[in-house]
Amino acid sequence: MELSINYALLKGIEAHKSGNLEESDRYYTAILKVQNDHPDANHNLGVLLVNSKQLEKAISYFSKALESNPNILQYWLSLIDVFIRLERYQTAKSIIEKAELKGAQGEVFDKLKYQVLSHSKVEVESNEPGNKVSGNILDKMTVDQALRLAKFIWI
């Protein structure tokens, strides 16, 4: 059984890379019928859905991949990216925090983190009691802090 799942996954990836998205979808779906928590099949099906602009539907596949194997950085990156595309920055920020607890790091992770932080709203206390001021997190940083964050968008 495992050999056939691995074979189907390889065939699905081959079809995916060659642009035959319907065939790759069939392979990934067949794998999930046999093993619904297969992390690579869930992730790759999520990627197909993102490419076809079905972002909401992709979330469940990326989440399932992470549930099955939270140690794969790409799964975290894909889920964070979907929430950024949906402009759901608070959710993306929460996922980034969970990913960091699992040890996620690297240049691509830092770039996504920067994207999220640059859109995050923060509340700070004003000088008057009981008043809060909301704004972009970059508005609340020192120049040095902003420059450190900015280095992640430079290639």
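Calculation criteria
- Residues numbered from 1 in each chain as written.
- Predicted model: local features only at pLDDT ≥ 70, side-chain atom pairs only at ≥ 80, totals over all residues.
- Heavy atoms only, no water.
- Helix = DSSP H or I, 4+ residues; strand = E, 2+ residues; numbered from the N terminus.
- Buried < 20%, exposed > 50% of the residue type's maximum accessible area, 1.4 Å probe, protein only.
- Polar contact = N/O pair within 3.5 Å; in protein donor to acceptor, adjacent residues only side chain to side chain.
- Expected span 1.5 Å × (residues − 1).
- Contact = heavy atoms within 4.5 Å.

(A) Focus on the environment of S52. Here S52 lies in the loop between α3 (39-51) and α4 (55-68). Accessibility expressed as a relative area gives 38% for S52, which makes it partly exposed. It is 9.8 Å that separates the C-alpha atoms of S52 and L21, two residues lying 31 residues apart in sequence. A polar contact is formed between the side chain of S52 and the side chain of Q54, at a distance of 3.0 Å.

(B) Main features of helix α5 (residues 73-85). Here α5 is 13 residues long and its end C-alpha atoms lie 18 Å apart, about the 18 Å a rise of 1.5 Å per residue gives. For α5, the complete set of buried residues consists of Y75, W76, L77, S78, L79, I80, V82, F83 and I84. Next to the buried residues of α5 lie α3, α4, α6 (89-101) and α7 (107-119). E87 occupies a position one or two residues after α5 and carries a positive phi of about 60 degrees.

(C) Seen up close, the side chain of S78. For S78, the position within the fold is in helix α5. Judged by its relative accessible area of 8%, S78 falls in the buried class. In this structure, S78 is in contact with H43 and F62, ignoring residues within four places of it in sequence.

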